[in-house]
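# Reading the structure
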Amino acid sequence: MARNNTHPTMTPAYVGASVLALLFGFLILFSSFRSSGLGTSVSGFDVKDQKPLAKLLEKRIIPGNPFYIFLMARDKVRLLIIKDPKVRSQVMIEFARDRLLSSIDLYSTGEHQVALATLMKAEVYLGRAAEELLKTRKDGVSIAQNDLRALLDAIDVHIQSLQSMKQTFTDSEKVQCDQLLNYTMSLRDSLTGFSRTSFLEK
């Protein structure tokens with residue numbers, strides 16, 4: 001597909017500014033949730049309505065299950081081992097999907113606060129996946145269109161799920177959900193804008 005040469009080139013300074021913008025977005029998102037009372041429950045363990053014994057019988061290990069902490073530790077080890085930014089981005093998309101599915105399970109059982117805390121982790125992982133893709137460009141490696149497309153598709157799934165769950169949230173929960181939606185939509189818009197530059201490989 002022909003490229004429009006009128007678009008700006010992705011300079012190291014431009015990429016660096018983009019990474020800083022994503023990090024700033026993380027801080028805003030975390031601060032917003034902390035002020036709304038979810039800051040201490042982002043890992044999903046200190047919310048009271050988790051029913052840990054019942055969750056031992058579930059097929060999926062979700063927040064509130066006593067074994068969930070081992071899954072979190074496993075994920076951290078995987079990220080420590082993987083050094084390639086492109087692969088790290090793909091793994092973070094996987095982590096975001098897993099947390100989205102867990103939040104849907106929690107939502108279906110009425111555990112909205114734990115679901116929202118888990119959703120926050122999911123959206124942060126999407127942002128970190130975008131950051132890793134930007135790192136590949138900063139290292140002088142062009143990003144494949146299918147890699148960016150995979151991330152954008154994942155973001156769209158998250159947005160649709162957030163919009164669906166929001167319908168039955170309480171007013172205060174809707175405010176928290178809107179914060180997640182605003183962040184995730186901004187992330188999508190930024191990445192869509194990058195796709196119109198020399199950000200991608202030919």
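So, here is what we can say about the structure in this document. (Residues numbered from 1 in each chain as written. Predicted model: local features only at pLDDT ≥ 70, side-chain atom pairs only at ≥ 80, totals over all residues. Heavy atoms only, no water.)

## So, the overall build of the chain
Our working rule: Secondary structure elements follow DSSP: runs of H or I no shorter than four residues count as helices, runs of E no shorter than two count as strands, and numbering proceeds from the N terminus. Residue contacts are counted whenever heavy atoms from the two residues lie within 4.5 Å of one another. All accessibility values rest on the Shrake-Rupley procedure with a 1.4 Å probe; residue burial counts only the protein chains present in the view.
Secondary structure summary: the chain contains seven helices and zero strands in total. The order of helices and strands in the chain, counted from the N terminus, is α-α-α-α-α-α-α. Within the chain, contacts between residues at least 6 apart in sequence are counted, and of these 72% link residues at least 24 apart. Of the roughly 10700 Å² of accessible surface on the chain, 59% is carried by carbon and sulfur atoms.

## Section: the packing of helix α3 (residues 68-81) against helix α4 (residues 85-108)
Selection rule: Angles shown run from 0 to 180 degrees and are taken between the N-to-C directions of axes, each axis being a line fitted to C-alpha atoms and, for helices, limited to the stretch in contact. Reported orientations rely on four angle classes, namely roughly parallel under 35 degrees, roughly antiparallel over 145, roughly perpendicular from 65 to 115, and oblique for the rest. Take the far helix as your reference; a near helix turned counterclockwise from it by less than a right angle gives a left-handed crossing, and one turned clockwise gives a right-handed crossing. Think of it as three bins: nonpolar holds Ala, Val, Leu, Ile, Met, Phe, Trp, Tyr, Cys and Pro, charged holds Asp, Glu, Lys and Arg, and polar takes everything else, Gly as well.
Packing of α3 against α4 brings their axes to within 11 Å, and their N-to-C directions diverge by 165°. Classified by the angle their axes make, α3 and α4 are roughly antiparallel. At the point where α3 passes α4, the crossing takes the left-handed sense. Seen from α3, the contacting residues are Tyr68, Asp75, Arg78 and Leu79; seen from α4, they are Arg88, Val91, Met92, Glu94, Phe95 and Arg99. Residue composition of the contact of α3 with α4, by class: five nonpolar, no polar and five charged.

## Observations concerning the nonpolar core
This is how it is decided: By nonpolar core is meant a set of buried Ala, Val, Leu, Ile, Met, Phe, Trp, Tyr and Cys residues that side-chain atoms within 4.5 Å join together. Each residue's exposure class comes from its accessible area (1.4 Å probe, protein chains only) as a fraction of the maximum for that residue type: buried when under 20%, exposed when over 50%, partly exposed otherwise.
Of all hydrophobic cores here, the largest spans 36 residues; its most connected members are Leu119, Leu126, Leu151, Ile155 and Leu191. Broken down by secondary-structure element, the contributors of at least two residues to this core are α4, α5 (112-138), α6 (145-166) and α7 (171-194). In terms of residue count, α5 provides more of this core than any other element does, 10 residues in total. Ignoring any residue separated from it by four or fewer positions in sequence, one finds isoleucine 155 in contact with Leu126, Thr184, Leu187, Arg188 and Leu191.

## Considerations on α4
An α-helical turn contains 3.6 residues, so a residue and the one three or four places further along point in the same direction. Our working definition: Every helix has an expected span of 1.5 Å times one less than the residues it contains.
Spanning 24 residues, α4 covers 34 Å between terminal C-alpha atoms, matching the ideal 34 Å at 1.5 Å per step. Positive phi appears at glycine 110, one or two residues downstream of α4, with a value of about 85°.

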